[in-house]
Amino acid sequence: MRLREFFSGSLRRQLIFGVAAVHAVMMTLFVWDLTIRQQDMLLDHQSEQAQTLAQTMATSAAGWLAARDIAGLQELAEAQRRYPQLVFAMLLDPDGKVLAHTDRTRQGQYVQNIPQVAKLTLLVHGSALVDAIAPAMLADHTVGWARVGIGQQEASKKLAAITRNGILYALAAMAIGSILALFMANRLTRKLYVMRRVSDTVRAGHQEARVPDLGDDEAGQLARDFNAMLNALSSSEKRFTNIVNLAADAIISVNEEQRILIFNQSAERIFGYTSAEMLGQPLDRLLPAHLAGAHRAHVRSFAAEPETARDVNRRAEIHGRRKDGTEFPAEANISKVKENGNIQFTVFLRDISARKQAEEEIRQLNVNLERRVLERTIELHAANQELEAFSYSVSHDLRAPLRSIDGFSQAVLEDYADKLDDQGKDYLGRVRGATQRMGHLIDDMLALSRVTRAEMRRETVDLSALAADVFAELQKGEPLRRVDWHIESGLAAEGDARLLRVALVNMLGNAWKFTSKTANAKIEFGAASAPDTGNAPIPDTPGTPETQGAPDFAPSFFVRDNGAGYDMSYADKLFGAFQRLHLLSDFPGTGIGLATVQRIIHRHGGRVWAEGAVGKGATFYFNL
Amino acid sequence: MKKRITPAFALLTAFGVAALFLSACGKEAAPPAPKYTDAPAVKTRVYRLAIHPLHNPEKLVRAYQPLIDHLNQQIADARFSLEASRDYDEYERKFRARTPDLLLPNPWQTIEAMKVGYEVIAMAGEPGDFKGIFLVRRDSGISKPADLKGKAVAYPSPTALAACIMPQWFLHQHGVNVNRAIENRYVGSQESAIMNVYLKQVAVGVTWLPPWRQFQKDHPQEAAQLKVAWETPPLISNSLMVRDDLPPKVRARLRAELLKLNDSEQGRRILAGMETARFLPATDADYAMVREFVARFEAQVRPVENK
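Conventions adopted
- Residues numbered from 1 in each chain as written.
- Chains lettered and ligands numbered in written order.
- Predicted model: local features only at pLDDT ≥ 70, side-chain atom pairs only at ≥ 80, totals over all residues.
- Helix = DSSP H or I, 4+ residues; strand = E, 2+ residues; numbered from the N terminus.
- Buried ≥ 20, exposed ≤ 12 C-beta atoms within 10 Å, placed from the backbone.
- Contact = placed C-beta atoms within 7 Å.
- pLDDT = per-residue confidence, 0-100.
- Expected span 1.5 Å × (residues − 1).
- Pairing = 2+ DSSP bridges.
- Axes fitted to C-alpha atoms, helices over the stretch in contact; angles between N-to-C directions.
- Left-handed = near helix turned anticlockwise from the far one by under 90°.
- Core = buried A, V, L, I, M, F, W, Y, C linked by C-beta atoms within 7 Å.
- Parallel < 35°, antiparallel > 145°, perpendicular 65-115°, else oblique.
- Nonpolar A, V, L, I, M, F, W, Y, C, P; charged D, E, K, R; others polar.
- Right-handed = clockwise from strand over helix to strand, strands pointing away.

**Q** Summarise the overall build of chain A; cite the residues concerned and give the values.
**A** If you tally the helices and strands in chain A, you get 13 helices and 20 strands. Per-residue burial for chain A yields a buried fraction of 28% across its 624 residues. Contacts in chain A between residues at least 24 apart in sequence constitute 61% of all its contacts with a sequence separation of at least 6.

Here it is, written out as structure tokens:
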């Protein structure tokens, strides 16, 4: 392990040993290859020589071997002594008996390893000896053998010299290569070491340390990039510090031992400790004593779970403990980051004492408000009931004298017609007209009252059919009138059919009435799919915030006519009760109709508005 | 205390190891020597048959090795090997030293070998075939023995009976003084005698029929330049002798195999290769006539050997 660390401990060492290793491997391979080649070449050369010598001897000795001329064979064998490096030369009979030998003491002995086949054979082909044997042939018959051994001492010496020189060259190359590698490594890594020193300095806390200009090579570029990275890191660190310190929440980081690593300014403000007091301290100091154990358990369980963030209040309401020992309710989130095998927890904590207090105050206010609303509702209900009773009573009670006035006026006109002059009759006629109008007025007021009080029964209402029905009734009332009606088919809405009929009767009735003096009268009932804001619609309740200028995305229905129209400057009076914009002599009416329409539409949660111009007709819009 | 390994220390260690390796490179291993024993790997006794040098060794092996192979095949408990000789002197020195176990000598050598303990067990070839021949170049113009006077004559050896003694006796009979009228050149072998006349080194080359037949087979172009001028009368053929210490069983098996060679196709092929008609039963007594002939020759012409 130590050796491994030594070889791979630094780039410089890796470079030095890498180059040395490359030299060693390359030169070893070179020397090995050279030696093997030389050895093979020498051995081949010696083998060829030995085989040639053996073959020559065999050829020369064949006749003498056949004649078993021992003396001649011995001369022949001894003649080979002149051959350099000759170890032995012998001539054998076919059975391996030594007939002649450079060592005469061997004559008469036998050699065992005679080849089975009569052919030139290398018996030994080693680094110390080449031993060749050749058959002596006469008429294709083996008459004996010639065997020679040539020593390799000289060849071995040459080979050893070659190997030794090769190794010396290899060692020299390794040494020179290592020295060059040392210089090269020092030169190449010098700049890296400068950067490493700066890195150590920065890590030691000197954030301002930077690498000096190291030139334009890769290391210089790396140094510039390193400085840029440090600058970016420094900026990021500042931003982080600012964010942490400016955060409204307390930000507290702890390690796995739950000792505090970061304690921002908000934490100082909330807990009353300074950062210097708390760094390295256990988190328990910021918790009520009775909650510290449970909190530690929560943090441990959080560390063991895969989730990386948790809303602490999800499990229980938490509390903090200030330096002065007071406790406060808090809201916190905790997150964890695993770095270098260690988990760091960060808590974002907010003192919610004020919020808790405000919530309590709001709750109290709501209780009071609800109580007051209930009281007012009861009061309003009673007043409303009284008002309606009064209205109904007034209307009902007014009808009886009116009927008397009308009835007696009619009786006078009928019974005393001969006693009255024309003026008297006219006056009585006017009395009757007035009482009848008042009767209509009372009817309308009762109808308006019923509209307000009637119970709503919502259902899908076919507005097209309803409008057609109303038109038929109007036409029936004045069969001779010719009005160009156009009712868009398929219009429907959710609402009370009875009330919506009353609304349409009023709107269509108005159109029927105000076109009575118009040639080519034209009345149209339809729907506008988009809100009509470009034509400055007249709101039904001008000045009320819920309608003024608010876009209306519900389908709008309209009743349009080309009748008398009205002056838009009086538009605010259109939907008021008993408000009339035309002379009674021109167009009869009580001024209750549009007020009734407005109430019906309001009861449906919709709104109604109108647009028009004098002599150019009017259009009434509504939605539900 | 933790020790640190410095780069210098590591490099020194590496160089030290390399130096140790370097020093080990100079040591040399002793060359491995051949292994010798005093006994042959094959224990079966080898009987060496020495053929008189009627051919040079290669031709001798080609002619007679089939016989050896045949004997080795037929006689299981003995092994036979062929032994040539460089010349007649060498051959005669060998049998006088009793080194060969078996001999195939010419008739004169037969009677010499008897003196040192060899015994005839068979005759090699028909007796009528044992005669000397005089070879001359066809362009030599030599037609009768008297034409040889003053010329050189080649013989294999002075002891060759058919190729020297009998021809010299023939010349002597035809009035040529062998010792003074001609130059006698003993050229070592039958083929050498033939080649000498072909190469015009001598006027006549003397040999006997089997070598001449072999030469005609081996060198027909050269042989065509030559012709047989005269033939000597036949005497007796070569013998096959065994040393007297040969085990009787081997001797009997050997004689039996030789005598029945002519009975088989394979045997006849072997005999043909040896330019030998067949092996005939013979004993030492059959060669007494040779001793008489040599005695006459030595008395009238010259001693066979210079003693």
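Once you've had a look at it, read on.
**Q** Account for the overall build of chain B, with residues named and values stated.
**A** The helix and strand inventory of chain B stands at 11 helices and 12 strands. The burial tally for chain B puts 43% of its 307 residues in the buried class. The long-range fraction of contacts in chain B, counting pairs at least 24 apart against all pairs at least 6 apart in sequence, stands at 80%.

**Q** A description of the confidence of the model for chain B should follow, citing residues and the corresponding values.
**A** All names here are of chain B. With 89% of its residues at a pLDDT of 70 or more, chain B has an overall mean of 87. Per-element mean pLDDT across chain B ranges from 55 in helix H1 (residues 7-24) up to 96 in strand S4 (residues 102-104). For this predicted complex, the interface score ipTM comes out at 0.72, alongside a pTM of 0.47.

**Q** Describe in detail helix H8 (residues 289-304) of chain A, supporting the description with residues and values.
**A** End to end, H8(A) covers 24 Å across 16 residues, agreeing with the expected 22 Å (1.5 Å per residue, within 8%). Among the 16 residues that make up H8(A), one are buried, leaving the element largely open to the surroundings.

**Q** Residues and numbers for the sheet that holds strand S11 (residues 238-243) of chain B, please.
**A** All names here are of chain B. As summarised here, the arrangement of the six strands in space is S3-S2-S4-S11-S5-S12, forming an open sheet in which the pairing is mixed. Pairing within the sheet leaves two strands with one partner each, and these edge strands are strand S3 (79-83) and strand S12 (279-281). If you compare each strand with its neighbour and ignore which way they point, the axes differ by 30 degrees on average. Bridging between strand S5 (residues 118-124) and S11 involves six bridges; their strand directions are antiparallel. Residue pairing for S11: Glu-119 is matched across the bridge by Val-242.

**Q** Please provide a residue-by-residue account of the packing of helix H12 (residues 497-514) of chain A against helix H13 (residues 593-603) of chain A, values included.
**A** All names here are of chain A. Where H12 contacts H13, the axes come no closer than 9 Å and their chain directions differ by 145 degrees. Crossing angle aside, the handedness with which H12 passes H13 is left-handed. Within the contact between the two elements, H12 uses Leu-499, Leu-500, Val-502, Ala-503, Asn-506, Met-507, Gly-509 and Asn-510 and H13 uses Gly-593, Leu-594, Thr-596, Val-597, Ile-600, Ile-601 and Arg-603.

**Q** How would you summarise the sheet that holds strand S2 (residues 98-101) of chain A if you had to cite specific residues and measurements?
**A** Residues and elements named next belong to chain A. If you walk across this open sheet you meet the five strands as S2-S1-S6-S5-S4, and the pairing is antiparallel. Here the strands that pair on one side only, and so sit at the sheet edges, are S2 and strand S4 (121-125). Strand-to-strand twist across the sheet, computed as the mean angle between neighbouring axes with direction ignored, equals 20 degrees. Note: strand S5 (residues 129-138) against strand S6 (residues 141-151), 10 bridges, orientation antiparallel. From the neighbouring strand, Val-130 faces S6, where its bridge partner is Ile-150.

**Q** Go over the nonpolar core, please, and point to the residues and values.
**A** Counting 121 residues, the largest nonpolar core has A:Leu91 and B:Val204 as the members making the most contacts within it. Counting residues per element, this core draws most heavily on helix H2 (residues 11-67) of chain A, at 11 residues. A:Val502, A:Leu508, A:Leu574 and A:Ile601 belong to the second-largest nonpolar core, a separate cluster that totals 46 residues.

**Q** Give a description of the pairing of S4(A) that names residues and reports values.
**A** All names here are of chain A. Pairing of S4 with S5 involves four bridges; the strand directions are antiparallel. Counted as the bridge partner of His-125 is Val-130 from S5. Hairpin connection from S4 to S5: three residues lie between these consecutive antiparallel strands.

**Q** Account for the environment of B:Ala282, naming residues and giving values.
**A** All names here are of chain B. Mapped onto the secondary structure, Ala-282 falls in the loop between S12 and helix H11 (288-300). Assessed through the 23 C-beta atoms surrounding it within 10 Å, Ala-282 is described here as buried. Here the alpha-carbon distance between Ala-282 and Val-120, two residues 162 residues apart in the chain, equals 6.4 Å. Filtering out sequence-adjacent residues up to four positions away, Ala-282 remains in contact with Val-120, Ala-122, Met-123 and Ser-239.

**Q** Run through helix H6 (residues 190-198) of chain B, naming residues and quoting values.
**A** Residues and elements named next belong to chain B. Buried residues dominate H6, accounting for seven of its nine residues. Along H6, the residues that are buried comprise Gln-190, Glu-191, Ser-192, Ala-193, Ile-194, Asn-196 and Val-197. Lys-200 sits one or two residues past H6 and shows a positive phi near 60 degrees.

**Q** Residue-level account of the packing of helix H9 (residues 353-415) of chain A against helix H10 (residues 422-453) of chain A, with values.
**A** Helix-helix packing: each pair is described by the crossing angle between the helix axes and the interaxial distance. All names here are of chain A. At a minimum axis separation of 9 Å, H9 and H10 run at an interaxial angle of 155 degrees. Taken as axis vectors, H9 and H10 run roughly antiparallel relative to one another. Crossing handedness for the pair H9 and H10: left-handed. In the contact of H9 with H10, the residues fall into 12 nonpolar, eight polar and six charged.

**Q** Residue-level account of unusual backbone geometry, with values.
**A** Even without being a glycine, A:Asp140 presents a positive backbone phi close to 60 degrees. Mapped onto the secondary structure, A:Asp140 falls in the loop between S5 and S6. The exposure class assigned to A:Asp140 is exposed, which follows from the 10 C-beta atoms found within 10 Å. A positive phi angle, close to 55 degrees, is found at B:Glu275, a residue other than glycine. Positionally, B:Glu275 belongs in the loop between helix H10 (265-273) and S12.

**Q** Give me the lowdown on the pairing of S3(B), citing residues and values where you can.
**A** Residue and element names in this part refer to chain B. When you tally the buried positions in S3, you get four out of five residues, the bulk of the element. Taken together, the five bridges between strand S2 (residues 46-51) and S3 define a ladder with parallel strand orientation. The partner of Leu-49 across the bridge, within S3, is Leu-82. Between S2 and its parallel partner S3, the chain crosses via helix H2 (residues 57-74), and the hand of that crossover is right-handed.

**Q** With reference to specific residues and values, describe the confidence of the model for chain A.
**A** All names here are of chain A. For chain A, the mean per-residue pLDDT works out to 84, and 94% of the residues sit at or above 70. Mean pLDDT across the elements of chain A bottoms out in strand S17 (residues 538-539) (44) and peaks in S2 (94). When the criterion is pLDDT under 50, residues 530-552 qualifies, and its contacts beyond four places in sequence or with other chains add up to 32 contacts.

**Q** Can you explain the environment of A:Ser266? Please cite residues and give values.
**A** Residues and elements named next belong to chain A. Locating Ser-266 in the fold gives a position in helix H6 (residues 265-271). Remark: the alpha-carbon pair of Ser-266 and Leu-349, spanning 83 residues in sequence, is separated by 9.2 Å. Not counting residues up to four positions away in its chain, the partners in contact with Ser-266 are Ala-247, Ala-248, Asp-249, Ala-250 and Ile-251.

**Q** Account for the environment of A:Glu154, naming residues and giving values.
**A** Residues and elements named next belong to chain A. Tracing the backbone through its elements, the reader meets Glu-154 in helix H4 (residues 153-203). Given 13 C-beta atoms within a 10 Å radius, Glu-154 is considered partly exposed. Considered as a pair, Glu-154 and Pro-84 are 70 residues apart in the sequence and their alpha carbons are 9.5 Å apart.

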